Amino acid sequence: MKIIHCPVNGPRPMQEFAYGGAFREMPDPATASDTEWGDYVFNRDGAPGVKREWWYHLASGVWFVAERDTLRDRFLRTYLYNEGEQPHD
Amino acid sequence: MPLGLLRFALNKKHPEPRMFREPDALKSSYDVVIIGAGGHGLACAYYLARDHGITNVAVLEQGYIGGGNTGRNTTIIRSNYLTPEGVRFYDESVRLFKDLSEDFDLNLFYSERGHFTFAHTDSALNTMRWRAEVNKHMGVDSEVVDRETIHEACPELDLDCGGHLPIMGALYHAPGAVARHDAVAWGYGRGADKRGVEIHQKTRVNDIRVEGGKVVGVETDKGFIHTGKVVSAVAGFTPRITEMVGLRTPITIQPLQACVTEPLKPWLDTILVSATLHVYVSQSSRGELVMGSALDPYELHSTRSTLDFTESLSGHLLDMFPFLSEIKVNRQWAGMADMTPDFAPVMGLTPIDGLYLDAGWGTWGFKATPVCGKTMSYTVANDRPHELIEPFSLSRFENYQLVGEKGAASVGH
Ligand SMILES: Cc1cc2nc3c(=O)[nH]c(=O)nc-3n(C[C@H](O)[C@H](O)[C@H](O)COP(=O)(O)OP(=O)(O)OC[C@H]3O[C@@H](n4cnc5c(N)ncnc54)[C@H](O)[C@@H]3O)c2cc1C
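Draft legend 1. The overall build of chain B, seen in detail. Scanning chain B from N- to C-terminus turns up nine helices and 20 strands. Expected size for 413 residues packed as a compact globule is a radius of gyration near 22 Å; at 22 Å, chain B falls within 12% of this value. Burial status across chain B gives 55% buried among its 413 residues. Within chain B, counting contacts between residues at least 6 apart in sequence, those at least 24 apart form 76% of the total. As displayed, chain B offers around 17,300 Å² of accessible surface, 50% of which is attributable to carbon and sulfur atoms. If you average the places of the 39 positive and of the 50 negative side-chain charges in chain B, the two averages end up 7 Å apart.

Laid out in structure tokens, this is it:
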């Protein structure tokens, strides 16, 4: 079974989590052109690599950020959004 | 053993002619280079040669013919989609499939089984009525049926699914079929090869060279090839190809898994799908139950298998067929599904002159193999999208013109 390190609850089984998609910066909707907005809404960096992603711990309602290698399926770091990057062992 | 085979034991020559030649070296240039020798790439090559007289074509495959999603899918063929664009397109594919065995002189074991999609809720039943109406309007055999009809078609099924998710009705599509997926790739490959197309296996495209917004060639692990036209038909590898040329797309990759049981005596004639239980199942001509479920829950570029998948699929299958509890799973595997936000493909021209995409085939592209070959070859030969694929252009995401096919996906995603 796959174990994910929740920054609040520690190591928990995969089944307790939901994937929230890539971590992305939203352009300012007031100034973005239709093309820029469409790019933000639909397009993704689909190639494999180390990605920043949103993950959610269902049992405790915690959203957090994970850095994950999408080729090897390895979680490299997980941290709360407002805590910035904190390596875990 | 037939006696005729004996003479081959005494002879060093290969008994049967191979289905394809193995060209030893790449030429320095081709009119068209197709990346990916799955069903789609080979079908495109076949129709380029047969219908458009373009035979100076190389199909480049990093692995072996049909080793991608073509050889990993559960082979369901149907056209009961939700949008008129989708229904028109897939129905043309079903039509082409029916003549294909004869066209190839190769038995594809194309087998019409009838296809039931179960509704366990009112809202699912509503979507099915909608689908049935769209389908009928487009001349596709499709109707909503009641529990009795399902029971008659499959008396072994527990219509109450153990009591917690009773089946209320189903969308029934009589032309729903299965076929031998490998043979589809081989048939197209052999037909293309016979007409002069070169298929290079174990040849990988590492880069696409673009000059002044125009394709000029591809860099492979066996050297550079000059060409003005490149077709990318690489399914789960599409984002790696589009990244080479800096093209942004909405395609992301998620694994889709499948498995087969040990062979059983034939008992299941039809194809059964339950989006709510995340199960689809049919019985192969060898007797195995071929089964699949929902997509893996997150992005991943891997074909690893998981126990989570077999556990949850088996649990739900037993809700439908408790008597299968002693049956063993023989094999499981996965493919990389190239998913799009609207569950419709991405096909045709791109902003780069000479680069054509046949992608976004996710969990539903095997059935489209023939029509993709037809329409992509037309598009490449004329440098103009075939009318059937116009709604599927990459530019729809820039123009906010999505196709909305999610309601016809076979299993909940
Ligand atoms: C488990 C599973 C079940 C499915 N069930 C169904 C179903 O029931 N019905 C249905 O209609 N569809 C189904 N699908 C979807 C269907 O399998 C695919 O959409 C379809 O097979 C795609 O075919 P293709 O020829 O485009 O791609 P593929 O068969 O994947 O071929 C692409 C080829 O490109 C090669 N390639 C990639 N990158 C490079 C490179 N850089 N250089 C050279 N070669 C490269 C790959 O090695 C591969 O062989 C299923 C998919 C999966 C995974």
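Next comes the rest of the account.
Draft legend 2. View of the pattern of salt bridges. Applying the stated criterion across every chain, the model contains 22 salt bridges over all chains. Residue Glu219(B) pairs with Arg209(B) through a salt bridge whose shortest N-O separation is 3.2 Å. Placement of Glu219(B) in strand S11 (residues 214-220) and of Arg209(B) in strand S10 (residues 205-211) is noted, with a sequence separation of ten residues between them. The exposure class of Glu219(B) is partly exposed, given its relative accessible area of 30%. Judged by its relative accessible area of 37%, Arg209(B) falls in the partly exposed class. Through salt bridges with shared partners, a single ionic network connects Lys2(A), Glu53(A), Arg68(A) and Asp73(A).

Draft legend 3. Spatial organisation of the site of the ligand. All names here are of chain B. The environment of the ligand is made up of 35 residues, and the closest members are Glu61, Asn69, Thr70, Thr74 and Lys367. Between Ile76 and the ligand, the recorded distance is 3.0 Å, taken from a backbone N or O atom to a nitrogen atom. The separation between an oxygen atom of the ligand and a polar main-chain atom of Phe366 is 3.0 Å. For the ligand, whose unbound accessible area comes to 1,000 Å², protein coverage reaches 97%. Sorting the residues of the shell around the ligand by element identifies helix H2 (39-52) and strand S14 (252-261) as the ones contributing at least two each. Of the residues in the shell around the ligand, the class split is 15 nonpolar, 16 polar and four charged.

Draft legend 4. Focus on helix H6 (residues 181-194) of chain B. All names here are of chain B. Between its first and last C-alpha atoms H6 spans 20 Å; for 14 residues at 1.5 Å apiece the expected length is 20 Å, and the two agree. The buried fraction of H6 is high, at eleven of 14 residues. Buried residues of H6: His181, Ala183, Val184, Ala185, Gly187, Tyr188, Gly189, Arg190, Gly191, Ala192 and Asp193, and no others. Contacts made by the buried residues of H6 are with H2, helix H3 (84-104), strand S9 (198-200) and helix H9 (369-382).

Draft legend 5. Here's a closer look at the domain arrangement of chain B. All names here are of chain B. Along its sequence, chain B is organised into domain 1 (29-111 + 178-251 + 340-413) and domain 2 (112-177 + 255-337). Distance from the C-alpha centre of domain 1 to the C-alpha centre of domain 2: 27 Å. Contacts between domain 1 and domain 2 engage 31 residues on the former and 39 residues on the latter. Between domain 1 and domain 2, the buried area comes to about 2,900 Å², and carbon and sulfur atoms account for 62% of it. Where domain 1 meets domain 2, there are one salt bridge. The salt bridge partner of Glu112 is Lys98, with a shortest N-O separation of 3.5 Å. In terms of residue class, the side of domain 1 that touches domain 2 is made up of eleven nonpolar, 14 polar and six charged.

Draft legend 6. Spatial organisation of H2(B). Residues and elements named next belong to chain B. End to end, H2 covers 19 Å across 14 residues, agreeing with the expected 20 Å (1.5 Å per residue, within 8%). The buried fraction of H2 is high, at eleven of 14 residues. Burial in H2 covers these residues: Gly39, His40, Gly41, Leu42, Ala43, Cys44, Ala45, Tyr46, Tyr47, Leu48 and Ala49. Positive phi appears at Gly53, one or two residues downstream of H2, with a value of about 65 degrees.

Draft legend 7. Seen up close, the sheet that holds strand S13 (residues 230-232) of chain B. Residue and element names in this part refer to chain B. Taken together, the six strands give an open sheet; going across it, the order is S9-S2-S1-S13-S20-S19, and neighbouring strands pair in mixed fashion. The open sheet has two edge strands, S9 and strand S19 (346-349), and neither has a second partner. Each adjacent strand pair in this sheet contributes to an overall mean axis angle of 20 degrees, direction not counted. The pairing of strand S1 (residues 32-35) with strand S2 (residues 57-60) spans four bridges and is classified as parallel. Paired with Ile34 across the bridge in S2 is Val59.

Draft legend 8. Just the environment of His316(B), in detail. All names here are of chain B. On the secondary structure map, His316 appears in helix H8 (residues 307-320). Taking the C-alpha atoms as reference points, His316 and His164, separated by 152 residues in sequence, lie 11 Å from one another. Residues in contact with His316, not counting those within four places in the same chain, are Leu277 and Val279.

Draft legend 9. Layout of the nonpolar core. Residues and elements named next belong to chain B. Membership of the largest hydrophobic core comes to 69 residues, with the highest contact counts inside it found for Ile34, Phe89 and Tyr188. Structurally, this core is a two-domain feature, drawing no fewer than three residues from each of domain 1 (29-111 + 178-251 + 340-413) and domain 2 (112-177 + 255-337). Contact partners of Phe89, with chain neighbours within four places excluded, come to Met347, Trp361, Ala368, Val371, Cys372, Thr375, Leu388, Ile389 and Phe392. Membership of the second largest hydrophobic core comes to 27 residues, among which are Val205, Ile251, Ala359 and Phe397.

Draft legend 10. Layout of the state of the cysteines. All names here are of chain B. Counting across every chain of the model gives zero disulfides over all chains. No disulfide involves Cys154; its sulfur sits 11 Å from the nearest other cysteine sulfur, which is in Cys161. Cys372 takes part in no disulfide bond, and the closest cysteine sulfur to it belongs to Cys44, at a distance of 9.4 Å. A residue is classified by how much of its surface remains accessible, and Cys372, at 0% relative accessible area, is buried.

Draft legend 11. Structural view of the interface of chain B and chain A. At the junction of the two partners, chain B supplies 22 residues and chain A supplies 23 residues. Both faces combined, the contact of chain B with chain A buries some 1,900 Å², and carbon together with sulfur accounts for 53% of it. The tally of links from chain B across to chain A stands at three salt bridges. Note that Lys51(A) and Glu299(B) form a salt bridge whose closest N and O atoms lie 2.7 Å from each other. Counting across the interface, chain B meets chain A through eleven residue pairs in polar contact (both at pLDDT 80 or more). Elements with a contribution of two residues or more to the side of chain B that touches chain A: helix H7 (238-244) and S14 of chain B.

About the criteria used
Residues numbered from 1 in each chain as written. Chains lettered and ligands numbered in written order. Predicted model: local features only at pLDDT ≥ 70, side-chain atom pairs only at ≥ 80, totals over all residues. Heavy atoms only, no water. Helix = DSSP H or I, 4+ residues; strand = E, 2+ residues; numbered from the N terminus. Rg over C-alpha atoms; globule rule 2.2 N^0.38 Å. Buried < 20%, exposed > 50% of the residue type's maximum accessible area, 1.4 Å probe, protein only. Contact = heavy atoms within 4.5 Å. Areas by Shrake-Rupley, 256 points an atom, 1.4 Å probe, with all protein chains shown as cover. Lys, Arg positive; Asp, Glu negative; His and termini not counted. Charge placed at Lys NZ, Arg CZ, Asp CG, Glu CD. Salt bridge = Lys/Arg side-chain N within 4 Å of Asp/Glu carboxyl O. Near = heavy atom within 4 Å. Polar contact = N/O pair within 3.5 Å; in protein donor to acceptor, adjacent residues only side chain to side chain. Nonpolar A, V, L, I, M, F, W, Y, C, P; charged D, E, K, R; others polar. Expected span 1.5 Å × (residues − 1). Domains from an automatic or database assignment. Buried area = accessible area lost by both parts, 1.4 Å probe. Pairing = 2+ DSSP bridges. Axes fitted to C-alpha atoms, helices over the stretch in contact; angles between N-to-C directions. Core = buried A, V, L, I, M, F, W, Y, C linked by side-chain atoms within 4.5 Å. Disulfide = S-S within 2.5 Å.

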